[in-house]
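Listed below are the residues making up each chain.
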Amino acid sequence: MFKSLLSEYVQIFIGILLASIGLKAFLLPNGFLDGGVTGIAILLNSNFDINISWILIVLSIPFLILAFFSISKTMVLKSIVAIITLAIMIEFETFETITDDKLLISIFGGLFLGLGIGITVKNGAVLDGTEILAIYINNRFGISIGRVILLFNFVLFSITAIIASKEVAMYSILTFLVTAKITDLTIEGFEDFIGVMIVSKHSQIIKKQIVDQIGAGMTIYKGVNGFGNSGKIEDFEVIHTVINRMEISKINRLINHIDPNAFVMEYDVNRIKGGILKRYLGPKPNTN
């Protein structure tokens, strides 16, 4: 369990490193923006020469407070660590500017930033609070999350066109599009769901822990007989649950801690409706 948790934090650090390369080696030296809080921090830094690390931390505070109530305490803790680490790396990194070609800057800056954000999110943390704001507005007013994020960045890039230049705004839009696409490809969909089937001699304990620790619903199938690494088995339970992709590492840690020899099968779920689902960027869990 400790090794899995350590692995998550190591991967979060790798994600932060990649994101900081995208910022320091490509975007910041040329005043290009990404979307969200990072984009605001870059814009303020470019025009008012305010320390970007402090801006990033200060602007993230209200979003983290929202996250505390709308997502989970564990994610908030990881996100605080991630944001502070990113701010420190931006402050002290000394990457040389790799290219002065604006198109390459937009593409590769977005590529590194998208990879960094994707890896970080995949391991349970966020580097940008825009999604958290979108959750809050969606829950409060029913406006879709995608529209909130789109509107937020439309306003940001419009201000950039006025304060900086139209050219910078257009390249920043390109950077944002590349970042968003790479992020999606890295985490394979932030709100994707994973189906998990578990066969274990300790199914009773696993069932209880899934409910207590994950908060997921499940269906229990009755197995008549089967054959596994312990030979032939009869009259066993098959646990079938569907969880958010963000929870996959957590449920694997849980199962390994209880029964390292459990048979576990994971598969992508294309469409799901009803039941008990823990959502991070969508409406609050629903029960049917």
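The sections below set out a description of the structure shown in this document. (Residues numbered from 1 in each chain as written. Predicted model: local features only at pLDDT ≥ 70, side-chain atom pairs only at ≥ 80, totals over all residues. Heavy atoms only, no water.)

## Thoughts on the side chain of Glu8
Then comes step 1: Take Glu8: it is sitting in helix H1 (residues 2-27).
Then comes step 2: Using a relative accessible area of 3% as the deciding quantity, one classes Glu8 as buried.
Then comes step 3: Glu8 has contacts with Lys78, Asn123, Ser249 and Arg253, leaving out every residue within four places of it along the chain. (Helix = DSSP H or I, 4+ residues; strand = E, 2+ residues; numbered from the N terminus. Buried < 20%, exposed > 50% of the residue type's maximum accessible area, 1.4 Å probe, protein only. Contact = heavy atoms within 4.5 Å.)

## So, the pattern of salt bridges
Then comes step 1: In this structure the tally under the stated criterion is five salt bridges.
Then comes step 2: Close ionic contact of Glu8 with Arg253 constitutes a salt bridge, the shortest N to O distance being 2.4 Å. In this pair, Glu8 sits in helix H1 while Arg253 sits in helix H10 (residues 248-258), placing the two residues 245 residues apart along the sequence.
Then comes step 3: Between Lys207 and Glu237 there is a salt bridge, with the nearest N and O atoms lying 3.2 Å from each other. Note that Lys207 is positioned in helix H9 (residues 203-214) and Glu237 in strand S3 (residues 231-244), a separation of 30 residues in sequence.
Then comes step 4: By relative accessible area, which is 17% here, Lys207 ends up buried.
Then comes step 5: Looking at Glu237, the relative accessible area reads 19%, which means it is buried.
Then comes step 6: In the salt-bridge network here, residues are joined through shared partners; they are Glu8, Lys78 and Arg253. (Salt bridge = Lys/Arg side-chain N within 4 Å of Asp/Glu carboxyl O.)

## Let's talk about the packing of aromatic side chains
Then comes step 1: Following the criterion strictly, the structure yields five aromatic pairs and no others.
Then comes step 2: Ring centres of Phe32 and Tyr171 lie 5.4 Å apart, and the angle between their planes is 5°; this geometry places the pair in the stacked category. Taken together, the residues span a long stretch of sequence, with Phe32 in the loop between H1 and helix H2 (36-48) and Tyr171 in helix H8 (residues 166-187) at a distance of 139 residues.
Then comes step 3: The exposure class assigned to Phe32 is buried, which follows from its relative accessible area of 2%.
Then comes step 4: For Tyr171, a relative accessible area of 23% corresponds to the partly exposed category.
Then comes step 5: Ring pairing ties together the aromatic residues Phe26, Phe108 and Phe112, which thus form one cluster.
Then comes step 6: A cation sits over an aromatic face here: Lys73 above Phe68, 5.0 Å from the ring centre.
Then comes step 7: Here the basic side chain of Lys78 rests over the ring of Tyr9, its NZ or CZ set 6.0 Å away from the ring centre. (Phe/Tyr/Trp six-rings, centres within 6.5 Å; stacked < 30°, edge-to-face > 60°. Lys NZ or Arg CZ within 6 Å of the ring centre and 35° of its normal.)

## What about the nonpolar core?
Then comes step 1: Among the nonpolar cores identified, the biggest contains 39 residues, and Ile16, Leu23, Leu86, Ile90 and Leu127 are the most heavily contacted of them.
Then comes step 2: At eight residues, H1 tops the list of elements feeding residues into this core.
Then comes step 3: Ignoring anything within four residues of it in the chain, the contact list for Leu86 reads Ile16, Ala19, Ser20, Leu23, Leu56 and Leu127.
Then comes step 4: Within the second largest apolar cluster, 15 residues are counted, among which are Ile239, Ile255, Ile258 and Ala262. (Core = buried A, V, L, I, M, F, W, Y, C linked by side-chain atoms within 4.5 Å.)

## Side note on the pairing of strand S1 (residues 193-199)
Then comes step 1: Among the seven residues that make up S1, six are buried, leaving the element largely enclosed by the rest of the structure.
Then comes step 2: Across seven bridges, the pairing between S1 and strand S4 (residues 263-269) is antiparallel. Bridge pairing in S4 places Ile198 opposite Val264. (Pairing = 2+ DSSP bridges.)

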